[in-house]
Amino acid sequence: MDYKLTTPFTRESLKNLMQGDNVYITGFMYTARDAAHKRLVDLIDNGKELPIDIKGACIYYVGPTPAKDGQALGSAGPTTSYRMDAYSPKLLDLGLMGMIGKGMIGEEVIEKIVEHGAVYFGAIGGAAALISKSIKSAEIIAYEDLGAEAIRKIYVENFPVTVIIDSRGDNLYKRGREEYLKRKMQRKEEGKSNMED
Amino acid sequence: MRIIDANNITEEIKRMVIEANYFLPEDVMKALENARKNDDWKLSQDILDKIIENARIADTEQVPMCQDTGMVVVFLKIGQEVIIKNGYIGDAINEGIRRGYEEGYLRKSVVGDPIKRLNTNDNTPAVINYEIVPGDKLNIMVAVKGFGSENMSRLKMLKPSDGLEGVKDFILETVELAGSNPCPPIVVGVGIGGTFEKVTLLSKKALLRDLDSYNEDPFYADLEREMLERVNNLGIGPQGFGGRTTALKVNIEYFPTHIAGLPVAVNINCHATRHKEVTL
Ligand code: SF4
């Protein structure tokens, strides 16, 4: 299924999404990678205020290239998500509802996703020039010293993602592969090589 | 004897790091288009279409195809009759990177110390491999290597008794463990033989070989074909969403080794396989 969604997210707005669905996101979200996550969690551990509005927020795991003239942000594809596993459960507990990255995430994070009705989305890894087109504005709001890894508030229009882990904990990496292999096996038994239809 | 100006090397490196990031090599584009043609799983087709479209956008708008503009790896073949004037060749290379990453709007992704992790802010230094060869030419091969795929690479010192089957299993196991992380479709570079450090270099060199080439030794060329087929039977598919095209190519390089050993290294690259070559 294809969906259009706006940020901030709520449990309600995410509950119908299923692994494999294509979603086009419009609204504000934040960019952050490991270095910024570490600082956010240090703040939480010390009982301090976060520089971002975490309730219903969506974080995009990305470290973009510098913008050329006329671009809001340079090339901006997802980075590998498991590096944020150590930090994301704490952010989910505080109200984070969406994460966008690539690659598998840990069991502990998935449990938190299910607990809070959040969703983990995948953007196409390496399709950074294409993805950049849906980013309309970008502003550094924290940790400028981290350069590409600074936290930016970005405005996106129809930002293309796929649901990897839905709010029930179902997993596209597992399901997609199983379905493909099952189909392939069936075809083989039927003596056909073509998988079309 | 032939004299090459270090400034010339700087200029070439600058040009190559920018072009490598903007323009996908033709052999990789061809491999993607072929994969698209031969993949009949709808999800895979959609993703391959988008990856091809991304490469076209990067090309026409002259922007980096991927935000991970990589750490630069350089392979030099220096003819023993070549003399470099106006500076040290290593400095000339790093200066080219410094300029290229600034002027080309490329991301600076190198930290100066692996533990303290402070960004060098100019993407230097490069990892430079020097080789002295006969002749009076200087051959420079530049790869920009993303770390989503580099992080999924592995090395194992197998026992000779593990044999060919052990090598095959290790390759498949590495691709399986990498799963969706290295942005499939991937390119698999395999090194077999040599020593502990040699085998990883072989796997990196395998990644630099064109995707439409095969190992000159028919035994290893057949192994490349067989392993590509088996990798693509795993079902991981583009982006790990399931499908046929897990890899575009498996390239293998080998070297003599010790009677007691069978080293094997698997270096993984993503669909943004970026390299450039020039001979001065
Ligand atoms: S693995 Fe390759 S395509 Fe993916 S983000 Fe890294 S450099 Fe880009």
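Quick notes on the rules
Residues numbered from 1 in each chain as written. Chains lettered and ligands numbered in written order. Predicted model: local features only at pLDDT ≥ 70, side-chain atom pairs only at ≥ 80, totals over all residues. Heavy atoms only, no water. Domains from an automatic or database assignment. Buried area = accessible area lost by both parts, 1.4 Å probe. Salt bridge = Lys/Arg side-chain N within 4 Å of Asp/Glu carboxyl O. Polar contact = N/O pair within 3.5 Å; in protein donor to acceptor, adjacent residues only side chain to side chain. Helix = DSSP H or I, 4+ residues; strand = E, 2+ residues; numbered from the N terminus. Contact = heavy atoms within 4.5 Å. Nonpolar A, V, L, I, M, F, W, Y, C, P; charged D, E, K, R; others polar. Near = heavy atom within 4 Å. 1 Å grid on protein atoms, 1.4 Å probe; cavity = no way out; pocket = protein on both sides within 12 Å on 5 of 7 lines; lining within 4 Å. Points joined across faces, edges and corners; volume = space filled by probe spheres on them. Pairing = 2+ DSSP bridges. Axes fitted to C-alpha atoms, helices over the stretch in contact; angles between N-to-C directions. Buried < 20%, exposed > 50% of the residue type's maximum accessible area, 1.4 Å probe, protein only.

**Side note on the domain arrangement of chain B**
Residue and element names in this part refer to chain B.
Piece 1. You can read the domains of chain B as domain 1 (2–20 + 65–145) and domain 2 (148–275).
Piece 2. The centre of domain 1, based on its C-alpha atoms, is set 26 Å off from the matching centre of domain 2.
Piece 3. Counting the surface lost from both domain 1 and domain 2, the interface buries some 1,100 Å², and carbon and sulfur atoms represent 64% of this.
Piece 4. Of all residues in domain 1, Phe75, Met141 and Lys145 bury the most surface against domain 2, accounting for 48% of the area lost on that side.
Piece 5. Among the ionic pairs, glutamate 131 bridges to lysine 205, the shortest N-O distance being 3.5 Å.
Piece 6. There are five residue pairs in polar contact (both at pLDDT 80 or more) connecting domain 1 and domain 2.
Piece 7. Among the secondary structure elements, those contributing two or more residues to the side of domain 1 that touches domain 2 are strand 2 (71–79), strand 4 (127–133) and strand 5 (138–145).

**Topic: the interface of chain A and chain B**
Piece 1. Contacts between the two partners involve 43 residues from chain A and, on the opposite side, 42 residues from chain B.
Piece 2. By the criterion of area lost to chain B, the three top residues of chain A are Lys68, Arg177 and Tyr180 of chain A, representing 19% of everything that side buries.
Piece 3. Run the count over chain A and chain B and you get two salt bridges.
Piece 4. The salt bridge partner of glutamate 61 of chain B is lysine 133 of chain A, with a shortest N-O separation of 2.8 Å.
Piece 5. Where chain A packs against chain B, one counts 21 residue pairs in polar contact (both at pLDDT 80 or more).
Piece 6. Listing elements by their share of the side of chain A that touches chain B, those giving two or more residues are helix 5 (128–132), strand 7 (151–165) and helix 6 (172–189) of chain A.
Piece 7. Of all the elements, helix 6 of chain A adds the most residues to the side of chain A that touches chain B, at nine residues.
Piece 8. For the side of chain A that touches chain B, a count of residues per class yields 21 nonpolar, 13 polar and nine charged.

**Focus: the environment of glutamate 216 of chain B**
Piece 1. Among the secondary structure elements, glutamate 216 of chain B is positioned in the loop between helix 7 (196–208) and helix 8 (218–232).
Piece 2. The sequence separation of glutamate 216 of chain B and asparagine 269 of chain B amounts to 53 residues, and the corresponding C-alpha distance is 22 Å.

**A short note on the site of the ligand**
Piece 1. Around the ligand there are 13 residues in total, and Gly126 of chain A together with Cys66, Cys183, Cys270 and Arg274 of chain B lie nearest to it.
Piece 2. Lying at an intersection of chains, the ligand is approached by residues of chains A and B.
Piece 3. Residue composition of the shell around the ligand, by class: five nonpolar, five polar and three charged.

**Looking at empty space enclosed by the protein**
Residues and elements named next belong to chain B.
Piece 1. For the structure shown, the criterion picks out two cavities of 30 Å³ or more.
Piece 2. Its boundaries defined by the atoms lining it, the largest cavity holds a volume of some 60 Å³.
Piece 3. Along its surface, the largest cavity is lined by Val73, Ala143, Val144, Lys145, Lys204, Leu207, Leu208, Asn269, Thr273, Arg274 and His275.
Piece 4. A class-by-class count of the residues in the lining of the largest cavity yields five nonpolar, three polar and three charged.

**Points about the sheet that holds strand 5 of chain B**
Residue and element names in this part refer to chain B.
Piece 1. Strand order across the open sheet formed by four strands is 4-2-5-10, with mixed pairing between neighbours. At either end of the open sheet lies a strand with only one pairing partner, and these are strand 4 and strand 10 (274–279). The sheet shows a mean angle of 10° between the axes of neighbouring strands, direction not considered.
Piece 2. Alignment of strand 2 against strand 5, held across eight bridges, turns out to be antiparallel. Each residue of the ladder has a partner; that of isoleucine 78, found in strand 5, is leucine 138.
Piece 3. Lying on the sheet, helix 7 is in contact with strand 2, strand 4, strand 5 and strand 10; it crosses strand 2 at an angle near 95°.

**Digging into the pattern of salt bridges**
Piece 1. Scanning the entire structure with this criterion turns up 42 salt bridges over all chains.
Piece 2. The shortest N-O distance in the salt bridge between lysine 38 of chain A and aspartate 42 of chain A comes to 3.5 Å. Of this pair, lysine 38 of chain A and aspartate 42 of chain A both sit in helix 2 (residues 34–45), separated by four residues, roughly a single helical turn.
Piece 3. The residue aspartate 222 of chain B makes a salt bridge to arginine 225 of chain B at a minimum N-O spacing of 3.4 Å. Residue aspartate 222 of chain B and its partner arginine 225 of chain B are both found in helix 8; the two are separated by three residues, about one turn of the helix.
Piece 4. Taking the relative accessible area as the measure of exposure, arginine 225 of chain B reaches 42% and is therefore partly exposed.
Piece 5. Here the residues in one salt-bridge network are Glu11, Glu95, Arg98, Arg99 and Asp122 of chain B, joined through shared partners.

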